Amino acid sequence: MTIDAAFFDKLSRLRLAMGHKASMNLTGNRKSVQKGSSMEFSDFREYMPGDDIRRIDWNAYGRLDRFYVKEYMEEKEAVVSILIDTSASMDYGANKKSDLACLLAAAFAYLGINNMDRVWLYDMQKMQSPFSASGGKRALSQITTWLEQLSFDGIVAIDEVIRQLPAKGPGITILISDFLQESLLDHTQETLGKLLRFLDYRKQKAILLQVLAAEELSVELTGTRNLIDMENQSTLRLTLDTKSIQAYEKALQEFLTQIGSISAKTGAFHAVCSTKTDIYQLIFQDLKGLYDI
């Protein structure tokens, strides 16, 4: 992790926008559908025995000769779930996708805890052993320690992983992955559509951060090469010429366009995060649509 203190200081001014209002019995900075005791005014209602008399609106009484009390929005703690793809394909690139994935996870975990949200970090290969982060800025060192011990190998089936996500109430679910798996590549609309509809059913605002290496976005290799699948170790001998590179880039663009289209239709947020892009550019410019302040 190479992000400096100035980065987190700038990050502390932001807050993730919620797609569904929080409704958990925890205190935080989110506005709940329940009525409570924060200072943000919500509505009036007629006085009932047992109501706090300090909430009586005397101006309304003077005009209407009836007692009305003020209601306020209750502030609740939201749940932010961050799922990190730890498959072998993420350990690729001169600037590794896994490194960028961890930087993004650290940034959004910090955003959550800084706003008093409950943050859960998941290794997609160990969904039953999440890391819970809370307690404000003090938890940042624990988050970075947890991220640094992640091992990127093996295979992850994202569509199956999402089904293992515990139901913790309305919140935000952030998926950090290259999304380069067969079920998504071959059946993008069907597989991803079901995944995003499931998250919406769970009242989750879905955020898809698609991490890709610069080498994947712009192929510069030429000649005949033996390509090895990092996850299943299968090999493919391929001649990389202008025609084959153009075919690859076209297929990749179609794949990215499909993910973006399906995300938009289901109310999810999708962004391609390249390892060649500066982290400040990514967080504060490319992903600025995620924040409400």
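Residues numbered from 1 in each chain as written. Predicted model: local features only at pLDDT ≥ 70, side-chain atom pairs only at ≥ 80, totals over all residues. Heavy atoms only, no water.

S.K.: Before we go on, may I ask you to explain the overall build of the protein chain in this structure?
M.R.: For the protein chain, the count of helices and strands is 10 helices and 10 strands. A buried classification covers 45% of the 293 residues belonging to the protein chain. Within the protein chain, contacts between residues separated by at least 24 positions form 76% of all contacts whose residues are at least 6 apart in sequence. As displayed, the protein chain offers around 15200 Å² of accessible surface, 49% of which is attributable to carbon and sulfur atoms. (Helix = DSSP H or I, 4+ residues; strand = E, 2+ residues; numbered from the N terminus. Buried < 20%, exposed > 50% of the residue type's maximum accessible area, 1.4 Å probe, protein only. Contact = heavy atoms within 4.5 Å. Areas by Shrake-Rupley, 256 points an atom, 1.4 Å probe, with all protein chains shown as cover.)

S.K.: What am I meant to see in the sheet that holds strand β4 (residues 118-123) here?
M.R.: Within a sheet, each strand pairs with its neighbour through backbone hydrogen bonds, oriented either parallel or antiparallel. If you walk across this open sheet you meet the 6 strands as β5-β4-β3-β6-β7-β10, and the pairing is mixed. The sheet is open, and its two edges are formed by β5 (131-133) and β10 (269-274), each paired on a single side. Taking the axes of each pair of neighbouring strands and ignoring which way they run, one obtains an average angle of 20° across the sheet. In this sheet, β10 lies alongside strand β7 (residues 204-212) in parallel orientation, the contact comprising 6 bridges. The residue bridging Val211 from the neighbouring strand is Cys273, located in β10. Packed on one face of the sheet, helix α7 (residues 188-201) meets β6 (171-177) and β7 and runs near 140° to β7. (Pairing = 2+ DSSP bridges. Axes fitted to C-alpha atoms, helices over the stretch in contact; angles between N-to-C directions.)

S.K.: Would you mind showing me how to read the pairing of β7 here?
M.R.: Here is the key point about a regular strand: its side chains alternate between the two faces of the sheet. β7 sits mainly inside the fold: 9 of its 9 residues count as buried. Alternating residues of β7 divide into Gln204, Ala206, Leu208, Gln210 and Leu212 and Lys205, Ile207, Leu209 and Val211, and every residue in both groups is buried. Of the pairings in the sheet, the one linking β6 to β7 comprises 7 bridges and is parallel in character. Bridge assignment links Ser177 to a residue of β7, and that residue is Gln210.

S.K.: When you look at helix α4 (residues 140-148) in this model, what are you seeing that I'm missing?
M.R.: Residue pairs three or four apart in sequence face the same way in an α-helix, which turns once every 3.6 residues. Within the sequence span of α4, burial applies to Leu140, Ile143, Thr144, Trp146 and Leu147. Along the axis of α4, the buried residues cluster in a sector spanning 160°; they form a single face. Exposed side chains of α4 directed beyond 90 degrees from the buried face belong to Thr145 and Glu148. (Arc of directions from axis to C-beta.)

S.K.: Any chance you could explain the packing of aromatic side chains here in plain terms?
M.R.: The description of an aromatic ring pair uses the distance of the two centres, along with the angle that the planes make with each other. Inspection of the entire model under this criterion finds 6 aromatic pairs. Taken together, a centroid distance of 4.9 Å and an interplanar angle of 65° make the contact between Phe8 and Tyr110 edge-to-face. Highlighted residues: Phe8 in helix α1 (residues 5-11) and Tyr110 in helix α3 (residues 97-114), separated in sequence by 102 residues. For the pair Phe8 and Tyr110, a shared accessibility class is recorded, and that class is buried. (Phe/Tyr/Trp six-rings, centres within 6.5 Å; stacked < 30°, edge-to-face > 60°.)

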